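Each chain is listed here by its residues.
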Amino acid sequence: QVQLVESGGGLVQPGRSLNLSCTASGFSFRLYAMSWYRRAPGKERELVARVTTTGIGTNYADSVKGRFTISRDNAKSSVYLQMNNLIPEDTAVYYCRAFYGKEYWGQGTQVTVSS
């Protein structure tokens with residue numbers, strides 16, 4: 001059974017940090033490119049960051065460059081999103097996605113940035 005389970009979301013004040021985790025099971029994690037997406041209230045889902053299978057190649061949305069860092073640990077079948085200097089516009093449900101021909105999605109974790 002394929003599963004992607006996100007964790008680490010919550011309510012945080014502007015300027016603070018959060019570290020999201022996504023742990024996979026049921027498929028060969030190391031073969032899959034991994035991404036984080038988010039959907040803010042009333043907006044379309046958008047790509048936040050992605051990382052190649054080896055963890056060497058990364059891409060970021062312009063809105064998070066310099067603040068967010070994506071990484072992965074293939075030994076732990078996990079991908080992470082370190083989010084620093086959070087702003088209210090980062091408020092969204094964050095999803096991890098695995099892709100290698102087919103795609104799998106997690107259930108999402110809520111991040112709320114508010115004072």
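Refer to the structure printed above.
The sections below set out a description of the structure shown in this document. In this text the structure is predicted, and so the values were computed from the model without any measurement. (Residues numbered from 1 in each chain as written. Predicted model: local features only at pLDDT ≥ 70, side-chain atom pairs only at ≥ 80, totals over all residues. Heavy atoms only, no water.)

**Observations concerning the state of the cysteines**
Alright, step 1. Summed over all chains, the structure comprises 1 disulfide.
Alright, step 2. The side chain of Cys22 participates in a disulfide bridge whose partner is Cys96; the two sulfur atoms lie 1.9 Å from each other. Given an S-S torsion of about 45°, the disulfide between Cys22 and Cys96 has right-handed geometry. Within this pair, whereas Cys22 is found in strand S3 (residues 18-25), its partner Cys96 is found in strand S9 (residues 92-100), the two being separated by 74 residues in sequence.
Alright, step 3. With a relative accessible area of 0%, Cys22 lands in the buried category. (Disulfide = S-S within 2.5 Å. Helix = DSSP H or I, 4+ residues; strand = E, 2+ residues; numbered from the N terminus. Buried < 20%, exposed > 50% of the residue type's maximum accessible area, 1.4 Å probe, protein only.)

**Concerning the sheet that holds S3**
Alright, step 1. Pairing is antiparallel across the open sheet formed by 4 strands, whose spatial order is S1-S3-S8-S7. Among the strands making up the open sheet, the edge pair consists of strand S1 (3-7) and strand S7 (68-73). On average, each strand axis in the sheet is tilted by 15° relative to the strand beside it, whichever way the strands run.
Alright, step 2. Note that S1 and S3 share 5 bridges and pair antiparallel. Note that in S3 the partner of Ser7 across the bridge is Ser21. (Pairing = 2+ DSSP bridges. Axes fitted to C-alpha atoms, helices over the stretch in contact; angles between N-to-C directions.)

**Section: the packing of aromatic side chains**
Alright, step 1. In the structure shown here, the tally under the stated rule is 5 aromatic pairs.
Alright, step 2. Measuring from ring centre to ring centre gives 5.5 Å for Tyr32 and Tyr100, while their planes differ by 70°; the resulting arrangement is edge-to-face. Placement of Tyr32 in the loop between S3 and strand S4 (33-39) and of Tyr100 in strand S9 is noted, with a sequence separation of 68 residues between them.
Alright, step 3. Members of the aromatic cluster, joined through ring pairs, are Phe27, Tyr32, Tyr100 and Tyr104. (Phe/Tyr/Trp six-rings, centres within 6.5 Å; stacked < 30°, edge-to-face > 60°.)

**Thoughts on the pattern of salt bridges**
Alright, step 1. The full count for this structure, using the stated rule, is 5 salt bridges.
Alright, step 2. Residue Glu103 pairs with Arg97 through a salt bridge whose shortest N-O separation is 2.7 Å.
Alright, step 3. Taken together, the salt bridges that share partners define one network made up of Arg38, Glu46, Arg67 and Asp90. (Salt bridge = Lys/Arg side-chain N within 4 Å of Asp/Glu carboxyl O.)

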